Every structure is written in C-alpha cells, then in structure tokens.
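Here is what each chain is made of, one letter per residue.
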Amino acid sequence: MALYLGVMSGTSLDGLDIALIDQGEQLGLLATHYIPMPADLRQALLALCASGPDEIARAAVAENRWAALAADGIKHLLAEQGLAPEAIRAIGSHGQTIRHEPARGFTVQIGNPALLAELTGICVVGDFRRRDVAAGGQGAPLVPAFHEALFGHLGQRLAVLNIGGFSNLSLIEQDKPVHGFDCGPGNVLLDAWVERKRGQAYDANGAWAATGTVQQGLLQAMLGDPFFAGSGPKSTGREVFNLPWLDAHLARLPQHRDEDVQATLLELTARSIVDSLCQAQQGSEAVLVCGGGARNGALMARLAQLLPTAKVSSTAAHGIDPDWVEGMAFAWLAHCCLEGIPANRPSVTAAKGLRVLGAIYPA
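All residue numbers refer to positions counted from 1 along the written sequence of the respective chain. Note on the predicted model: pLDDT of at least 70 is required for a residue's local features to be given, and 80 or more for side-chain atom pairs to be given and counted; whole-chain, interface and lining totals, by contrast, use all residues. Just so you know, side-chain values use all the structure's heavy atoms and leave hydrogens and water out.

- In the annotation of an unreviewed UniProt entry, the protein chain is listed under the name Anhydro-N-acetylmuramic acid kinase and assigned to Pseudomonas farsensis.
- UniProt positions are given in the numbering used here, feature names are shortened, and annotations may be inferred rather than shown by experiment. For the record of the protein chain, the UniProt heading Catalytic activity (unreviewed entry) holds the text "1,6-anhydro-N-acetyl-beta-muramate + ATP + H2O = N-acetyl-D-muramate 6-phosphate + ADP + H(+)".
- Per UniProt, the comment on the protein chain under Sequence similarities (unreviewed entry) is "Belongs to the anhydro-N-acetylmuramic acid kinase family."

This is the structure:
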C-alpha cells in the first residue's frame, strides 16, 4: 500500500475535504473527513480575494489558521483509521486560492504547507499551480489528468464535470489527449445570492431556484461576458464572477424577484457548461458530475434536459462519491510529484510542456 492524503478547500469556502487514498496497483478511496469552515476564517479568506489594507499580514494569519484546521482534521481521520503519521507517504494540500490571474502571470494559494508538515509530522506537497503558470499555462484546471486516470478506462466519449464554486470540464476520448477548461461560475453566484437574500449557505437541491422564472434578458446579458466567448484553454475565479459583477447586471433590470434571479443564475451555470461542452466535444456519450453541484437536483435535471443524447449522472454511478473526487485528486498529485511524474496537461492549460507540479515540504 502507498497511502496519501489529499486536502482540498475550494472556492465555495464551505469547508475542507480530506481524502485518504491507496495509490497501489489500483487507486482507491479508503476514508474521508470533512471540516466545516469557521465563519470568521471564511470571511477572512473571502476578504483576501480583493485588495485591502494590511493584506500580507492578514494572509499570513489566515493561512496559519487554515493549516491548523487541516492538521486537526488529518489527525482526526488518522485516529479513526488507527493509522500513525508514519503510515502516510505524503499529504497533497491544495491550500486556499485567494487570487487567480494567469493572464497577469500569477495564481496564489495560501495554506502554509511548512506549518502543516510541522503539525502533522507528515511530508506535505503543496503549491501545485504555480509551476504550470510559470510555464505559460493557466494553472487550472489541474484535475483533468486525474479524471483521465480514474475514468479513462470506460472507453467512452466522456466528459467529467466538476461543479464547485466554479465549473470545469475534463473531456476524455480514446487516442486523444485529455482536454479541459473552466466553464464559468458553478455554485459561487448561487451561494452568494441565497446567502444575501435568505441567510442560507446554499440553495439545498436548487429548491428556491425552482420557484423562480428564468429572466431571459438577464441571462443573455450575463452570457455576453467576454469569458464565455473563448473556447479554452481558460480558467476563471472570483476576480471575474462575484456579487459586484451580478449587481452590475441587476442594475439594468431594476424590477426583479429574488427567486427569479436565483433561477436565472442556475440557468447561467447550466447553459455555460452545456454551451462549452457542445462546442468542445460534440456527441458526448456520458457526463459524470462531481463536486457540490452534483447534489443540486434542479441543476442536474436541467443539465439532463439540455443534453438529451448524453447520460448525465453523478460519479457515484461509477463508485466514486462526488464530494471526494477533488480531495482524491490532490492526494494523487502529491504521488505524482514524489515520483517525478508530470501531472499538468498542455492540452488543458496551454503550458509550454509537461511539468512536475508541486513543492515538497519534508516531515
């Protein structure tokens, strides 16, 4: 057995996913643990996504808290499994993205991997994205290579769709390099709007959105954003899609019901995914969905309506819980780093070539 841990904290900032995998002859998920993000830490991390006073000190404090939270979760998982730190070859830690601007040559994830190694006594591999950006790539998405390793054996014209804060696609076909890109906002605007209007962290199962009516004028205006015009490689983040972006569109639509805005945001997520998929991979046979969006019944139903010739299902249909795919991916990326295996894909990120990703912090 070769045991690795993956720690993933996505743009939704709801919490930390920790996945334990066995990278043996056949990759397998052994155990998981989830830690909700403390409200004050979530606000501190969200604030760092935009310019503000004393950013460097605030980022340093926040990343130390993030590392301590991750370490607590890892210790809890190991205790549950009866494992000593020495049983784990490495932790793959994504950290928390606070800025992602590859067009300007940088992406920033914080999480203090040195402190995480110190607190856990386990080797940590972090900083996965910057090497790809240094090689001229987008630094995202990084999961297509893992999706290919996990699902490539299915032998279909396959799309793996991750719907977290943002959505991204991995397009897998036999005898072709894996392709992939960000599609646009996944849950980020849906979550922000329902939090503002109803004080809820998310719209469970898309129930509130289902009570509204899609506003076609608003939808078309939002789909007119320049990001949607490109076919990839491309990636995006909160720098582009955020509440001020939505407010600017709503200012042109002074009369609207809150539930109609939620319905329109759900349609924006679905349409941006489907438009991207149909442009990049015609005749997709199956779409496997992972991430929090796989739990949104209204969104899944809408994707199935818009893709009548493809089988749309959760990755659970193939034995992988959709909540843990990204955590598994960063455990796998740690394995690739330690083994010197390139894990980016130039066909996805537009990097100059294959690169080994990650920086190693020994125990």
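Right, picking up where we left off after that structure.
### Let's talk about the pairing of strand β10 (residues 286–290)
Side chains on a regular strand alternate between the two faces of the sheet.
Reasoning step 1: For β10, the tally of buried residues reaches five of five residues, placing the bulk of the element in the interior.
Reasoning step 2: Strand pairing is assigned whenever DSSP identifies at least 2 bridges connecting the two strands. A run of H or I in DSSP counts as a helix once it spans at least four residues, and a run of E counts as a strand once it spans at least two, with each numbered from the N terminus. Looking at chain direction, strand β7 (residues 158–163) and β10 are connected through five bridges and run parallel. Note that in β10 the partner of L158 across the bridge is A286.
Reasoning step 3: Crossovers are described as right-handed under a simple rule: with the strands pointing away from the observer, the path leading from the first strand over the helix to the second runs clockwise. Of the crossover connections in this fold, the one passing from β10 over helix α10 (residues 297–306) to the parallel strand β11 (residues 311–314) is right-handed. Only protein chains enter the area calculation, which uses a 1.4 Å probe; residues under 20% of their type maximum are buried, those over 50% are exposed, and those in between are partly exposed.

### So, the sheet that holds β11
Reasoning step 1: Strand order in the open sheet made by the five strands is β9-β8-β7-β10-β11, with mixed pairing throughout. Both edges of this open sheet fall to β9 (179–185) and β11, since each of them pairs with a single strand only. Mean inter-strand twist for the sheet, computed between neighbouring axes without regard to direction, equals 20 degrees.
Reasoning step 2: For this analysis, residues touch if any pair of their heavy atoms sits within 4.5 Å. Convention adopted: a line fitted to C-alpha atoms gives each axis, helices being fitted over their contacting stretch, and angles between N-to-C directions are expressed from 0 to 180 degrees. Along the sheet, α10 contacts β7, β10 and β11; its crossing angle with β11, the most-contacted strand, is approximately 160 degrees.

### Notes on helix α8 (residues 243–250)
Reasoning step 1: When α8 is considered as a whole, its buried residues turn out to be W245, L246, H249 and L250. Seen end-on, α8 carries its buried residues on one side only, within an arc spanning 135 degrees.
Reasoning step 2: The inward-facing, buried residues of α8 abut α6 (188–198), α7 (216–223) and α9 (258–280).
Reasoning step 3: One side-chain oxygen at the N-terminal end of α8 lies 2.9 Å from the backbone nitrogen of W245; it belongs to N242. Of all possible arcs, the one meant is that of the directions from the helix axis to the C-beta atoms. A 3.5 Å cut-off defines polar contacts: any pair of N or O atoms within that distance qualifies, except that in protein one atom must be a possible hydrogen donor and the other a possible acceptor, and neighbouring residues in sequence count only when both atoms are side-chain atoms.

### Overview of the pattern of salt bridges
Reasoning step 1: The rule for a salt bridge is simple: a side-chain nitrogen of Lys or Arg has to be within 4 Å of a carboxyl oxygen of Asp or Glu. Within this structure, the stated rule accounts for 15 salt bridges.
Reasoning step 2: Here E195 ties to R42 by a salt bridge, and the two come within 3.7 Å at their closest N and O atoms. Pair noted here: E195 is in helix α6 and R42 is in helix α1 (residues 39–47), with a separation of 153 residues, a long-range link.
Reasoning step 3: Assessed through its relative accessible area of 35%, E195 is described here as partly exposed.

### Let's talk about the UniProt feature "binding site: ATP" (unreviewed entry) in the protein chain
Reasoning step 1: Mapped onto this numbering, the UniProt entry gives "binding site: ATP" (unreviewed entry) at G10, T11, S12, L13, D14, G15, L16 and D17.
Reasoning step 2: Its location among the elements puts L13 in the loop between β1 (3–9) and β2 (15–23).
Reasoning step 3: Residue class for L13 comes out buried when judged on its relative accessible area of 1%.
Reasoning step 4: Every residue in contact with L13, bar those within four places of it in the chain, is listed here: M37, R42, L45, L46, Q96 and R238.
Reasoning step 5: Mapping D17 onto the fold places it in strand β2.
Reasoning step 6: Filtering out sequence-adjacent residues up to four positions away, D17 remains in contact with G6, V7, M8, H33, Y34, D323 and W324.

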